[in-house]
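# Observations on the model geometry
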Amino acid sequence: MGTDPGLRSPTVADGRRGYPPAAPYDRIIATCSVRRIPASWLAQTRPGGIIVANLGGDHSSATVRLVVGGDGSAEGRFLPDDAAFIEIEGEEERTRPSIQELADRWIHGEAPVRPARVPEAMEDVQFWFLAQRFLPHVTLFRAEGRPWCLVDHLDLSWARVEESDNGPVVAQGGPQRLWDRLEEADTLWTEGGRPGFERYGLTIDGEGRQRLWLDPPEGPGWDL
Ligand SMILES: C[S@@+](CC[C@H](N)C(=O)[O-])C[C@H]1O[C@@H](n2cnc3c(N)ncnc32)[C@H](O)[C@@H]1O
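The residue numbers shown here count from 1 along each chain, following its written sequence. This being a predicted model, a pLDDT of at least 70 is required before a residue's local features are given, and a value of 80 or more before pairs of side-chain atoms are given or counted; all residues contribute to the totals for chains, interfaces and linings. Processing note: side-chain calculations cover all non-hydrogen atoms of the structure and skip hydrogens and water entirely.

## Overview of helix H3 (residues 125-134)
Put simply, the rule is: Relative accessible area decides the class of each residue, using a 1.4 Å probe on protein chains only: under 20% of the type maximum gives buried, over 50% gives exposed, and in between gives partly exposed. Under the scheme used here, helices are H or I runs from DSSP no shorter than 4 residues and strands are E runs no shorter than 2 residues, and both carry numbers assigned from the N terminus. The term polar contact refers here to a pair of N or O atoms within 3.5 Å; inside protein, the definition further demands a hydrogen-donor-capable atom paired with an acceptor-capable atom, and it admits residues adjacent in sequence only when both atoms are side-chain atoms.
Counting buried residues in H3 gives nine out of ten residues, a clear majority hidden from the surface. Among the residues of H3, Gln126, Phe127, Trp128, Phe129, Leu130, Ala131, Gln132, Arg133 and Phe134 are the ones counted as buried. At the N-terminal boundary of H3, the capping side chain belongs to Asp124, with an oxygen 2.7 Å from the backbone nitrogen of Gln126.

Below you can see the structure in the form of structure tokens.
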């Protein structure tokens, strides 16, 4: 990423490190998605400069426009429009189990069932922007004949929703109750008036803490 002032063609380098030879920058625009803003981008942007980046997770990402403080800090809001890019390469995700290993959890998992609430916005990327804060390591499956399945790729917790004569029921196994977490996200989503991307913001302090928040910066928030 970056164009070396002395070169005619773009320079190829690992974008996670920014590009120190041409820093500082007035603007950094990332055309890939990240889960956190790399410290190198903050350090290489001028005070008052702007970083525009696609930030999110497996199921949803949105574009944040940050104004940089110059001491490693930055703050800004998300833009309202849907925008998704491929995830930046080189992140820690290489050790993930295969999709088949994850699917085996819910295909073969045995657990008692309870009535399940299926969020009305289950297929909405704005709902998943919120839901993935409650389920940061979860892969969502929708397979033929099985409405919804979730598997956590770190601890292999799983949840499987099936239809019954009395409505949907969920079986859940592993250390976490993933469907309980999804229902918590659904409660915040509906009680919070189905927030669009523009209601979120990101605050980065000089110590490397990155906090995604909803509505005011001191509202509900999640450390990234
Ligand atoms: C959506 S494409 C954007 C391509 C181009 N910037 C454009 O606007 O047409 C994302 C690109 O980021 C590259 N990429 C992913 N991770 C990278 C990394 N760590 N360092 C540099 N490039 C990376 C991918 O190879 C891919 O070409």
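Next, the rest of the story.
## Structural notes on the site of the ligand
Applicable threshold: Proximity is defined per residue: if any heavy atom of the residue lies within 4 Å of a molecule or strand, that residue is considered near it. The Shrake-Rupley method, run with a 1.4 Å probe sphere, supplies the accessible areas, and residue values consider only the shown protein chains as cover.
By nearness alone, every residue bordering the ligand is listed as Ala13, Asp14, Gly15, Thr31, Phe85, Ile88 and Glu89. With respect to the ligand, the backbone of Ala13 contributes an N or O atom lying 3.5 Å from a nitrogen atom. Between the ligand and Gly15 there is a distance of 2.8 Å, counted from a nitrogen atom to a backbone nitrogen or oxygen. Out of a free accessible area of 600 Å², the ligand has 51% covered by protein chains.

## Things to note about the domain arrangement of the protein chain
The accessible area lost on association of the parts is a frequent measure of interface size. Under the convention used in this document: Each domain's extent was defined by an automatic or database domain assignment. The contact rule is simple, with two residues in contact once any of their heavy atoms fall within 4.5 Å. The term buried area denotes the loss of accessible surface (1.4 Å probe radius) that occurs when two parts are joined, taken as the sum for both partners. Salt bridge, as used here: a side-chain nitrogen of Lys or Arg that lies within 4 Å of a carboxyl oxygen of Asp or Glu. Amino acids are sorted into nonpolar (Ala, Val, Leu, Ile, Met, Phe, Trp, Tyr, Cys and Pro), charged (Asp, Glu, Lys and Arg) and polar (every other residue, Gly among them).
Taken as a whole, the protein chain is organised into domain 1 (15-80 + 196-223) and domain 2 (95-191). Centre-to-centre separation of domain 1 and domain 2, based on C-alpha positions: 29 Å. Taken together, the contact between domain 1 and domain 2 spans 16 residues of the former and 15 residues of the latter. Overall, the association of domain 1 and domain 2 removes approximately 1,400 Å² of surface from exposure, summing both partners, and the carbon and sulfur fraction of that is 62%. Where domain 1 touches domain 2, the interface holds one salt bridge. Across the pair Arg96 and Asp58 runs a salt bridge, and its minimum N-O distance is 2.9 Å. Taken together, domain 1 and domain 2 are joined by six residue pairs in polar contact (both at pLDDT 80 or more). Those elements that provide at least two residues to the side of domain 1 that touches domain 2 are strand E2 (45-56) and strand E3 (61-68). Class assignment for the residues of the side of domain 1 that touches domain 2 results in eight nonpolar, six polar and two charged.

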